[in-house]
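Spelled out, the chains give:
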Amino acid sequence: MLETLTRIQTIRDRVRAWRQNGLRVGFVPTMGNLHRGHLSLVEQARAAADRVVVSVFVNPLQFGPNEDFDRYPRTIEHDTELLAGAKADVLFAPTTFEMYPNGYERSARVDVPDLAGILEGHVRPGHFEGVATVVTKLFQIVQPDVAVFGEKDYQQLVIVRRLVQDLCMPIAVLAGATVRDHDGLAFSSRNRYLSARERNVAPRLRDALHVARKALLEGERNYDALQLAGLRDLQKAGFAPDYFSIRQAADLLPPREDTREVVVLAAGRLGTTRLLDNVRVQIR
Ligand code: PAF
């Protein structure tokens, strides 16, 4: 039976009791408005652990002043039903005051300096400091053995892996494959902002990534040309692209001669909605 907890002390007590019984704890942090992508992360956590905690917290610290914090969809009742169906054990849904008792603006912060300012972080300054801070706090609260993050937010996944390593946290970070709609569009809470016309255009983001992937698999190594072509494809489709970039999959540095795995990452606005996606490619 799913239990909803809102207080840090209560969830700590619950997790401590599980641990005393030798149970492994899995964790899926979310901002709610759950969709099939999140549910597949819950399933993965269930396969890797005996008990699963899912957090729903719209973290103000990771939104910029002109971003969608106020209009971000909050659907806690529906989320609760989905999590009960997915057989999660605990929904942790704290208030902002519970998470940031001294005010989020004044909170101590966690930074991963070399990764937080590039790509998504270049377009959204401060975003990854907000993410790294809240993920560290949630890890301190839940103290999971395993945490699952979606590959759709690839840079976030790389940053979380780095912070776990750098801050010596005894947590295994698992990557959950991106779940897509019938036409290839990655599930995202922000898809609901799209108009019907924009929704038809949105899969072109994934198409552009796949054009680059195909070229890479066929041996193309002129990364600059591929990046430019990707930006143009997105513009033609009606996006205002922020970046279309080919990076090493492990650390998001530019690829070198001996790089074996790259990730092509792209993001841009379609109308007022920002979408992002990526594809990984093994190269010979
Ligand atoms: O990916 C998200 O939903 C958020 O960035 C996360 C990891 C829950 C932190 O607020």
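Before any of the text, the structure's been laid out above.
Conventions we followed
Residues numbered from 1 in each chain as written. Predicted model: local features only at pLDDT ≥ 70, side-chain atom pairs only at ≥ 80, totals over all residues. Heavy atoms only, no water. Phe/Tyr/Trp six-rings, centres within 6.5 Å; stacked < 30°, edge-to-face > 60°. Helix = DSSP H or I, 4+ residues; strand = E, 2+ residues; numbered from the N terminus. Buried < 20%, exposed > 50% of the residue type's maximum accessible area, 1.4 Å probe, protein only. Contact = heavy atoms within 4.5 Å. Pairing = 2+ DSSP bridges. Right-handed = clockwise from strand over helix to strand, strands pointing away. Near = heavy atom within 4 Å. Polar contact = N/O pair within 3.5 Å; in protein donor to acceptor, adjacent residues only side chain to side chain. Areas by Shrake-Rupley, 256 points an atom, 1.4 Å probe, with all protein chains shown as cover. Nonpolar A, V, L, I, M, F, W, Y, C, P; charged D, E, K, R; others polar. Axes fitted to C-alpha atoms, helices over the stretch in contact; angles between N-to-C directions. Salt bridge = Lys/Arg side-chain N within 4 Å of Asp/Glu carboxyl O.

Observations concerning the packing of aromatic side chains
Then step 1. Evaluated as defined, the whole model comprises 6 aromatic pairs.
Then step 2. When the ring of F57 is compared with that of Y100, the centres are 6.2 Å apart and the planes differ by 40°; the resulting orientation is tilted. Here Y100 lies in the loop between α4 (96-99) and α5 (113-116) and F57 lies in the loop between β3 (51-56) and α3 (76-85), a separation of 43 residues in the sequence.
Then step 3. Seen from their ring centres, Y100 and Y104 are 6.2 Å apart, and the 65° between their planes marks the pair as edge-to-face.

Concerning unusual backbone geometry
Then step 1. Although it is not a glycine, L119 adopts a positive phi angle of roughly 50°.
Then step 2. Along the polypeptide, L119 turns up in the loop between α5 and α6 (120-123).
Then step 3. Residue C168 is not a glycine yet carries a positive backbone phi of 55°.
Then step 4. The class for C168 is exposed, based on a relative accessible area of 65%.

As for the environment of R256
Then step 1. Residue position: R256 is located in the loop between β7 (240-248) and β8 (261-270).
Then step 2. The exposed category is assigned to R256, whose relative accessible area is 52%.

Thoughts on the side chain of E198
Then step 1. If you trace the backbone, E198 turns up in helix α9 (residues 196-201).
Then step 2. With near-sequence residues (within four places) excluded, E198 lies in contact with Y193, L270, G271 and T273.

Focus: the pairing of strand β6 (residues 172-176)
Then step 1. As defined by bridge partners, strand β5 (residues 146-150) adjoins β6 across 5 bridges and the pair is classed as parallel. Bridge pairing links A147 to V173 in β6.
Then step 2. Each parallel crossover has a hand, and the one from β5 via helix α8 (residues 154-166) to β6 is right-handed.

Some details on the site of the ligand
Then step 1. The environment of the ligand is formed by P29, T30, M31, Q62, V134, F149 and Q156.
Then step 2. Q156 places a polar side-chain atom, nitrogen or oxygen, 2.7 Å from an oxygen atom of the ligand.
Then step 3. Relative to its free-state accessible area of 290 Å², the ligand is covered by the protein chains to the extent of 89%.
Then step 4. Of the residues contributing to the shell around the ligand, the split by class is 4 nonpolar, 3 polar and no charged.

Overview of the pairing of strand β2 (residues 25-30)
Then step 1. The buried count for β2 comes to 6 of 6 residues, which makes it a mostly enclosed element.
Then step 2. Along β2, one buried face is formed by V25, F27 and P29 and the opposite face, lined by G26, V28 and T30, is buried too.
Then step 3. The pairing of β2 with β3 spans 6 bridges and is classified as parallel. The residue bridging G26 from the neighbouring strand is V52, located in β3.
Then step 4. Following the chain from β2 across helix α2 (residues 36-48) to the adjacent parallel β3, one finds a crossover that is right-handed.
Then step 5. As defined by bridge partners, β2 adjoins β5 across 2 bridges and the pair is classed as parallel. Across the sheet, the residue bridging to G26 is V146, located in β5.

Examining the sheet that holds β3
Then step 1. Judged by pairing direction, the sheet is parallel, and its 6 strands sit side by side in the order β1-β4-β3-β2-β5-β6 without closing on themselves. For this open sheet the edge positions go to β1 (3-5) and β6, each flanked by a neighbour on one side alone. Taking each pair of neighbouring strands and ignoring which way they run, the sheet shows an average axis angle of 25°.
Then step 2. Across the face of the sheet, helix α7 (residues 127-142) comes into contact with β2, β3, β4 (90-92) and β5 while running at roughly 150° to β2.
Then step 3. Here α8 sits on the sheet in contact with β5 and β6, set at roughly 170° to β6.

Considerations on the sheet that holds β8
Then step 1. Across the sheet, which stays open at both edges, the 3 strands sit in the order β7-β8-β9 with antiparallel pairing between neighbours. The sheet is open, and its two borders are formed by β7 and β9 (273-282), each paired with just one other strand. In this sheet, neighbouring strand axes are inclined to one another by 10° on average, regardless of whether the strands run parallel or antiparallel.
Then step 2. Where β8 meets β9, 10 bridges bridge the pair, whose relative direction is antiparallel. Each bridged residue has a counterpart across the sheet, and for E261 the counterpart in β9 is Q282.

Some details on the pattern of salt bridges
Then step 1. As enumerated under the stated definition, the model contains 18 salt bridges in all.
Then step 2. R19 is the partner of D145 in a salt bridge, and the nearest nitrogen-oxygen pair spans 3.3 Å. With D145 in the loop between α7 and β5 and R19 in helix α1 (residues 8-20), the pair connects residues that are 126 residues apart, well separated along the chain.
Then step 3. Classification of R19 as partly exposed rests on a relative accessible area of 33%.

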